[in-house]
Structures are given as structure tokens and as C-alpha cells.
Amino acid sequence: VNANQRYATTSVTSTILKDIAKRNGIPLQEFVVRNDSSCGSTIGPMLSAQLGLRTVDIGNPLLAMHSIREVCGADDVGMLVKLFEHFFSEFAALDAKINVD
């Protein structure tokens, strides 16, 4: 979550992702950048705006990203794969139920 809109996740896509994870027993770790702190960005906002697609930025939790020794949990990789599988198979059905004005 980033107040400066440097990520593409919206309240709608966040809700869909959280619902899919909860239904399938997949733990999530949310990352929030302080509003007075700069951060990197993703290509998500640009793609979402140009293509008109619902977008959510997700990835494995890492310690010391971009350092010479990034560290992540081995179990996290399997959980992310499981999340991807369920997200891509369940997204269309959940998205069809959501009406945003």
C-alpha cells in the first residue's frame, strides 16, 4: 500500500486477493510504505491505466531487497505459487460479483 500511488493495487483488487487467500488458507503479509518515505515503484500503475485492467502488485516477502544478500523463506515460494494458482482460477468469478461505481 502506498499513498503516493506508486503501486497498482486498489481497494477492489486488494479485497479480491485477500478473499482468495483467506478461502484457501494462504497467509498474506501486507507491506505499507510510510507516506513521508520514498519507495520504488512497479510498472503496474502504467499498465493498469493504459490497459484498463484490474491490477494487484504482489510478490514474495524479502529481507534486504537489492542488497548483495537478499533473504526469503523457502516456504514462501510454495505459498506464492499456491496463491497464483487460486488467484487465476478464482479471479473471474469474484470479479464478476463486484460492482464499483
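Position labels on residues start from 1 in each chain and follow its written sequence. Per-residue local features of the predicted model are confined to residues with pLDDT of at least 70, and side-chain atom pairs are confined, for both listing and counting, to 80 or more; whole-chain, interface and lining totals are unaffected and use all residues. Each side-chain value is worked out from all heavy atoms of the structure, with water and hydrogens disregarded.

1. Regarding the packing of aromatic side chains
(1) Moving on: Ring pairs are drawn from Phe, Tyr and Trp, using the six-membered ring of Trp, whenever the two centres fall within 6.5 Å, and their geometry is named by plane angle: stacked under 30 degrees, edge-to-face over 60, tilted for the rest. Under the counting rule described, the total for this entry stands at 3 aromatic pairs.
(2) Moving on: Measuring from centroid to centroid gives 5.6 Å for Phe 87 and Phe 88, while their planes differ by 80 degrees, and the two rings are edge-to-face.
(3) Moving on: Phe 87 gets classed as buried once you look at its relative accessible area, which sits at 13%.
(4) Moving on: Each residue gets one of three labels from its accessible area relative to the maximum for its type: buried under 20%, exposed over 50%, partly exposed in between, using a 1.4 Å probe on protein chains only. Residue classification places Phe 88 among the exposed residues on the basis of a relative accessible area of 65%.
(5) Moving on: What links up through ring pairs into an aromatic cluster is the set Phe 84, Phe 87, Phe 88 and Phe 91.

2. Considering a nonpolar patch on the surface
(1) Moving on: Judged by side-chain polarity, Ile 43, Met 46, Leu 47, Leu 51 and Leu 53 come together as a nonpolar surface patch covering roughly 500 Å² of accessible area.
(2) Moving on: Mapped onto the elements of the fold, Met 46 is located in helix H2 (residues 44-51).
(3) Moving on: Given the relative accessible area of 46%, Met 46 is considered partly exposed. Patch definition: residues above 30% relative accessible area lacking any salt bridge, with like charges linked at up to 9 Å and the nonpolar side chains Val, Leu, Ile, Met, Phe, Trp and Tyr linked at up to 5 Å. Using the Shrake-Rupley algorithm and a 1.4 Å probe, accessible areas are obtained, with residue cover drawn only from the displayed protein chains. The term salt bridge refers to a pairing of a side-chain nitrogen on Lys or Arg with a carboxyl oxygen on Asp or Glu at a separation within 4 Å. For the purposes of this entry, the term helix denotes a DSSP run of H or I that reaches at least four residues, the term strand denotes a run of E that reaches at least two, and both are numbered from the N terminus.

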